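Now for the letters of each chain:
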Amino acid sequence: MVDEDMKLECHPDFVTLVWTERRSQADLSLFRLGNCSPTRISATEAVFSVYVNDCNFRRIVTGDHLMYTNDLTYSSSPDFTYPVACAYERPNNWYPLIYEPVFSTYGLGDLVFHIGLMNADFSGPAESSTFPLGSFIPIMASVSQMTHQRLLLLLEECVAATTAELQPESTLYPIIANKGCLVDSLVSPSKFEQRQKSSEIHLSLQAFRFGLGERVFIHCKLVAWDPNGMDHTKKACHYVKEHGWELLDNSAYSNLCDCCESDCKSRRTRSTASGTDHPAI
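Along each chain, residue indices are assigned from 1 in the same order as the chain's sequence is written. Residues qualify for local features only when their pLDDT is at least 70, as the model is predicted, and side-chain atom pairs are given and counted only at 80 or more; totals for whole chains, interfaces and linings, by contrast, use all residues. Heavy atoms from the whole structure form the basis of all side-chain values; hydrogens and water molecules are not counted.

Novice: What am I meant to see in the overall build of the chain here?
Specialist: Secondary structure counts use DSSP, requiring at least four H or I residues in a row for a helix and at least two E residues in a row for a strand, with both numbered from the N terminus. A count of helical and extended segments in the chain gives zero helices and 20 strands. Burial analysis of the chain (281 residues in total) assigns 47% to the buried set. Per-residue and other accessible areas follow the Shrake-Rupley method at a 1.4 Å probe size, with only the shown protein chains counted as cover for residues. With the model as given, the accessible surface of the chain reaches about 14,800 Å², and the carbon-plus-sulfur share is 48%. Buried, partly exposed and exposed residues are distinguished by accessible area as a fraction of the type maximum, computed with a 1.4 Å probe on protein chains only: under 20%, between the cut-offs, and over 50%, respectively.

Novice: Any chance you could explain the pairing of strand β12 (residues 152–161) here in plain terms?
Specialist: Burial runs high along β12: nine of the ten residues are buried. Strand direction decides the pairing type here: β12 and strand β17 (residues 217–225), joined by nine bridges, are antiparallel. For Leu 155, the partnering residue across the bridge sits in β17 and is Leu 222. In this structure, β12 lies alongside strand β13 (residues 172–176), joined through four bridges in antiparallel fashion. Residue pairing for β13: Ala 160 is matched across the bridge by Tyr 173. DSSP-based pairing: two strands are paired if at least 2 bridges between them are found.

Novice: Can you walk me through the pattern of salt bridges in this structure?
Specialist: Between side chains of opposite charge, a pair can form as their charged atoms come close. A pair is scored as a salt bridge if a Lys or Arg side-chain nitrogen falls within 4 Å of a carboxyl oxygen belonging to Asp or Glu. Applying the stated rule across the entire model yields six salt bridges. Between Arg 22 and Asp 5 there is a salt bridge; the shortest N-O distance is 2.5 Å. Linking Arg 22 in the loop between β2 (14–20) and β3 (31–33) with Asp 5 in the segment before β1 (6–10), this pair joins segments that are 17 residues apart in sequence. Its relative accessible area of 60% is what places Arg 22 among the exposed residues.

Novice: Would you mind showing me how to read the state of the cysteines here?
Specialist: Covalent bonding between the sulfur atoms of two cysteines is what defines a disulfide. Any two cysteine sulfur atoms within 2.5 Å of one another count as a disulfide. All told, the structure shown has six disulfides when counted by the stated rule. The disulfide partner of Cys 158 is Cys 220, and the S-S distance across this bridge is 2.1 Å. Across the S-S bond linking Cys 158 and Cys 220, the dihedral sits near 115 degrees, which makes this disulfide right-handed. With a gap of 62 residues between them, Cys 158 in strand β12 and Cys 220 in strand β17 connect regions that are remote in the sequence. Here Cys 158 and Cys 220 have matching classes, each one buried. Bonded cysteines in the chain are paired 1-4, 2-3, 5-7, 6-11, 8-9, 10-12 when counted in the order they occur along the chain.

Novice: How should the sheet that holds strand β18 (residues 237–240) be read in this particular structure?
Specialist: Paired through their backbone hydrogen bonds, the strands of a sheet run either parallel or antiparallel. Strand order in the open sheet formed by three strands is β14-β18-β19, with mixed pairing between adjacent strands. Unpaired on one side and paired on the other, β14 (181–182) and β19 (244–247) mark the two borders of the sheet. As defined by bridge partners, β18 adjoins β19 across four bridges and the pair is classed as antiparallel. Along β19, the bridge assignment pairs Tyr 239 with Trp 245.

Novice: Could you clarify how one ought to interpret unusual backbone geometry in this entry?
Specialist: Most peptide bonds are trans, and most residues other than glycine sit at a negative phi. Even without a glycine there, the phi angle at Asn 56 is positive, about 60 degrees. Relative to the helices and strands, Asn 56 resides in the loop between β5 (45–51) and β6 (58–62). One non-glycine residue, Lys 179, lies in the positive phi region at around 65 degrees. Here Lys 179 shows up in the loop between β13 and β14. Taking the relative accessible area as the measure of exposure, Lys 179 reaches 22% and is therefore partly exposed.

Novice: Help me understand the side chain of Ser 188 in this model?
Specialist: Mapped onto the elements of the fold, Ser 188 is located in the loop between β14 and β15 (191–192). In protein, a polar contact requires one atom able to donate a hydrogen and another able to accept it; more generally it is a pair of N or O atoms within 3.5 Å, and residues adjacent in sequence count only if both atoms are side-chain atoms. One polar contact links Ser 188 to Asp 184, side chain to side chain, over a distance of 2.8 Å. A polar atom in the side chain of Ser 188 sits 2.9 Å from the side chain of Ser 190.

This is the structure in structure tokens:
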């Protein structure tokens with residue numbers, strides 16, 4: 001429970017959340033849990049009884065536990081966001097392709113980063129870590145914001161390697177470089193997908209020829225940033241054939257990507273929060 005107005009019950013495969021609204025003018029039908037509307041409403045309460053596989057719940061594995069996280073929002077007030085989380089013991093036979101997240105602290109709350117392989121429509125974890133050459137590898141990274149200000153998640157750097165830990169002698173294939181430039185998109189249809197929320201980023205990476213006969217690991221550096229503070233060093237850019245470099249979050253400002261084929265220099269600017277995650281593949 002994160003607020004006296006919210007009551008949360010975590011059941012084995014569903015959750016019940018009751019929000020008690022003390023403002024008489026509020027329209028309770030405008031509350032959302034993820035992308036779900038209230039199951040029922042009364043004069044003062046919005047009630048959600050939903051399955052953890054619905055409503056865009058995010059699933060994270062942390063050691064011996066599964067954690068399902070979501071956000072309670074109010075449609076007419078973008079600043080109204082309450083984190084919702086339920087933790088369960090992980091079944092012995094359940095092992096998703098989402099690795100233990102890195103915990104990083106800034107300001108008043110903890111940020112939880114995670115990255116993983118997803119199914120084709122990004123609605124859940126991938127069922128296999130094997131992808132045919134030329135097919136797309138869906139990768140999702142996210143940050144659970146808890147009590148933080150709104151954050152923009154960025155992939156600052158990603159490389160493929162044949163080792164689970166990067167070593168000086170590791171053979172590397174650059175995927176994202178130069179502070180958020182998807183350099184693989186210069187030679188493939190790889191691209192960032194349209195964002196569903198600022199705290200998540202979806203990457204469709206075309207499977208490439210690398211490390212034949214060996215396991216391939218993707219290592220990424222994740223950065224959470226002020227959404228209003230994008231510049232040449234804090235961005236997500238991909239190359240669109242016949243159009244050039246394009247900024248994911250607002251193509252009108254694609255000039256921020258002009259440095260992608262030169263050098264996107266760092267500036268002395270204070271970070272909101274950042275973290276590096278474990279390999280995803």
